[in-house]
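Structural overview
Each chain is listed here by its residues.
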Amino acid sequence: MKTLREVIQEARERRVAIGHFNVSNLEGFHAVVGATRELDLPVIIGVSEGERDFFGLDELVSLVKLYREKHGITIFANADHSYSFERVQDAIDAGFDMVIFDGVKLSHDENIEVTKKCVEYAKASGRDIIVEAELGNIGQSSKVLEDVPEGVATSEKFLTSVEDAKAFVEATGVDALAPAVGNMHGILKGGKNPEINTERIAEIEKATGVPLVLHGGSGISDEDFRTAIKAGISVVHVNTELRIAFKDGLETSLAANKDDIAPYRYMKPALEAMKAKTIEKLELFNGQ
Ligand code: 13P
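Before going further, it helps to spend a moment on the nonpolar core. In this structure, Phe 29, Leu 60, Ile 75, Phe 96, Leu 177, Val 236 and Phe 285 are the most contacted members of the largest nonpolar core, which totals 72 residues. Per-element tally for this core: the top contributor is helix 12 (residues 268–285), with 7 residues. Those residues in contact with Phe 29 that lie beyond four places of it in its chain are Val 23, Ile 45, Phe 55, Leu 60, Leu 63, Val 64, Tyr 67 and Ile 75. Listed in part, the 14 residues of the second largest apolar core include Ile 18, Ile 44, Met 98 and Ile 130.

Here you go:
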């Protein structure tokens with residue numbers, strides 16, 4: 001079985017992207033696994049701090065290992081957006097394949113210091129763990145938004161600069177970087193999210209030499225995805241659109257079967273709707 005590092009490197013060379021999908025519960029996990037199985041493509045399962053508190057750290061790691069080792073699925077676990085060193089430490093100790101330290105709210109120097117500490121802790125584990133860091137503001141919430149959050153946009157002053165990205169990667173030794181390139185978490189009500197600055201992606205990838213990760217994968221047009229991936233994005237995160245699919249599927253199911261009290265029946269359409277959305281994104285990220 002290939003390591004996550006190898007899988008990302010291969011995607012980078014082929015100019016396709018690995019899908020990273022957030023889950024909160026077992027049904028979401030099965031939705032993503034179902035999509036991966038159907039297309040036979042690698043996938044990263046992400047859990048934010050809230051999602052992993054609900055799912056359980058050990059539970060997620062055990063399931064990912066089970067599907068990888070027993071069923072031969074190329075699947076990895078990522079501790080998405082960890083806001084403290086302790087959260088990163090817990091995820092590494094639990095056996096995660098990848099961790100993201102998000103120090104965007106810290107001062108630049110503190111962000112470097114804690115990110116470095118995470119990189120050292122991952123190395124000391126003796127396992128091959130991918131450590132990703134964030135540079136630049138892309139907002140925080142995977143939900144439907146009225147407006148673009150303050151400080152997030154494609155205008156020059158909000159984008160991660162090439163110089164900052166290069167210096168940050170050199171100072172911290174991270175394996176992957178999530179820059180701000182016009183992307184944002186969440187989806188704008190009734191509209192399409194701001195455009196992605198694909199030129200900046202290409203410049204940052206060339207200058208840093210590390211794989212780049214595009215967060216905020218909901219609300220981005222197919223065309224923007226295609227050019228962003230060609231420009232150097234190797235992993236794309238999607239959460240909001242999957243949450244919407246799951247909730248819509250559940251609401252429709254509950255409304256149609258008011259007397260049904262069997263979770264394995266009324267939850268199924270939610271799982272199927274999330275699976276269908278995951279398939280759509282995986283096909284797009286893999287140029288299919
Ligand atoms: P969206 O919720 O916008 O899809 O972003 C997800 C994400 O980037 C999780 O890290």
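Here the focus is the packing of aromatic side chains. As enumerated under the stated definition, the model contains 4 aromatic pairs in all. Among the aromatic residues, those joined into a ring-pair cluster are Phe 29, Phe 55 and Tyr 67. The aromatic ring of Phe 85 is capped on one face by Lys 117, whose charged end is 4.4 Å from the ring centroid.

On to the site of the ligand, then. Taken together, 15 residues are adjacent to the ligand, and Asp 80, Ser 142, Gly 216, Ser 218 and Thr 240 come closest. A distance of 3.0 Å separates an oxygen atom of the ligand from a polar atom in the side chain of His 185. Burial of the ligand by the protein chains amounts to 99% of its free accessible area of 300 Å². Those elements that place two or more of their residues in the shell around the ligand are strand 3 (75–82) and strand 10 (233–238). Residues belonging to the shell around the ligand are distributed by class as follows: 2 nonpolar, 12 polar and 1 charged.

Looking now at the environment of Leu 188. Structurally, Leu 188 is set in strand 8 (residues 187–188). Sequence-wise, Leu 188 and Asn 257 are 69 residues apart; in three dimensions their C-alpha atoms are separated by 31 Å. Residues within four places of Leu 188 in sequence aside, it is in contact with Leu 145, Glu 146, Asp 147, Val 148, Asn 193 and Pro 194.

So, about the pattern of salt bridges. Taken as a whole and assessed by the stated rule, the structure comprises 20 salt bridges. A salt bridge links Glu 38 to Lys 275; the nearest nitrogen and oxygen atoms lie 2.9 Å apart. Placement of Glu 38 in helix 2 (residues 26–39) and of Lys 275 in helix 12 is noted, with a sequence separation of 237 residues between them. Judged by its relative accessible area of 16%, Lys 275 falls in the buried class. Of the charged contacts, one joins Lys 277 and Glu 241 as a salt bridge, the two residues approaching to 3.5 Å between their closest N and O atoms. Here Glu 241 lies in helix 10 (residues 240–256) and Lys 277 lies in helix 12, a separation of 36 residues in the sequence. When sorted by exposure, Lys 277 lands in the same class as Glu 241, which is buried. In the salt-bridge network here, residues are joined through shared partners; they are Glu 241, Lys 277, Glu 280 and Lys 281.

Here helix 12 contains 18 residues, and its C-alpha end-to-end distance of 26 Å stays within 8% of the 26 Å for a straight helix at 1.5 Å per residue. Looking at helix 12, one finds that the buried residues are Ala 270, Leu 271, Met 274, Lys 275, Lys 277, Thr 278, Ile 279, Lys 281, Leu 282, Leu 284 and Phe 285. Those residues of helix 12 hidden inside the fold are in contact with strand 1 (18–22), helix 2, helix 9 (222–231), strand 10 and helix 10. Within two residues after helix 12, Gly 287 carries a phi angle of roughly 65°, on the positive side.

Here we come to the packing of helix 7 (residues 162–172) against helix 8 (residues 198–208). Look at helix 7 against helix 8: their axes get within 9 Å of each other, and the N-to-C directions meet at 35°. Both helix 7 and helix 8 take part in a crossing whose hand is right-handed. Between helix 7 and helix 8, the residues in contact are Val 162, Ala 165, Lys 166 and Val 169 and Arg 200, Glu 203, Ile 204, Ala 207 and Thr 208, respectively. Class assignment for the residues of the contact of helix 7 with helix 8 results in 5 nonpolar, 1 polar and 3 charged.

Here is what the cut-offs are and how they apply
Residues numbered from 1 in each chain as written. Predicted model: local features only at pLDDT ≥ 70, side-chain atom pairs only at ≥ 80, totals over all residues. Heavy atoms only, no water. Core = buried A, V, L, I, M, F, W, Y, C linked by side-chain atoms within 4.5 Å. Buried < 20%, exposed > 50% of the residue type's maximum accessible area, 1.4 Å probe, protein only. Helix = DSSP H or I, 4+ residues; strand = E, 2+ residues; numbered from the N terminus. Contact = heavy atoms within 4.5 Å. Phe/Tyr/Trp six-rings, centres within 6.5 Å; stacked < 30°, edge-to-face > 60°. Lys NZ or Arg CZ within 6 Å of the ring centre and 35° of its normal. Near = heavy atom within 4 Å. Polar contact = N/O pair within 3.5 Å; in protein donor to acceptor, adjacent residues only side chain to side chain. Areas by Shrake-Rupley, 256 points an atom, 1.4 Å probe, with all protein chains shown as cover. Nonpolar A, V, L, I, M, F, W, Y, C, P; charged D, E, K, R; others polar. Salt bridge = Lys/Arg side-chain N within 4 Å of Asp/Glu carboxyl O. Expected span 1.5 Å × (residues − 1). Axes fitted to C-alpha atoms, helices over the stretch in contact; angles between N-to-C directions. Left-handed = near helix turned anticlockwise from the far one by under 90°.

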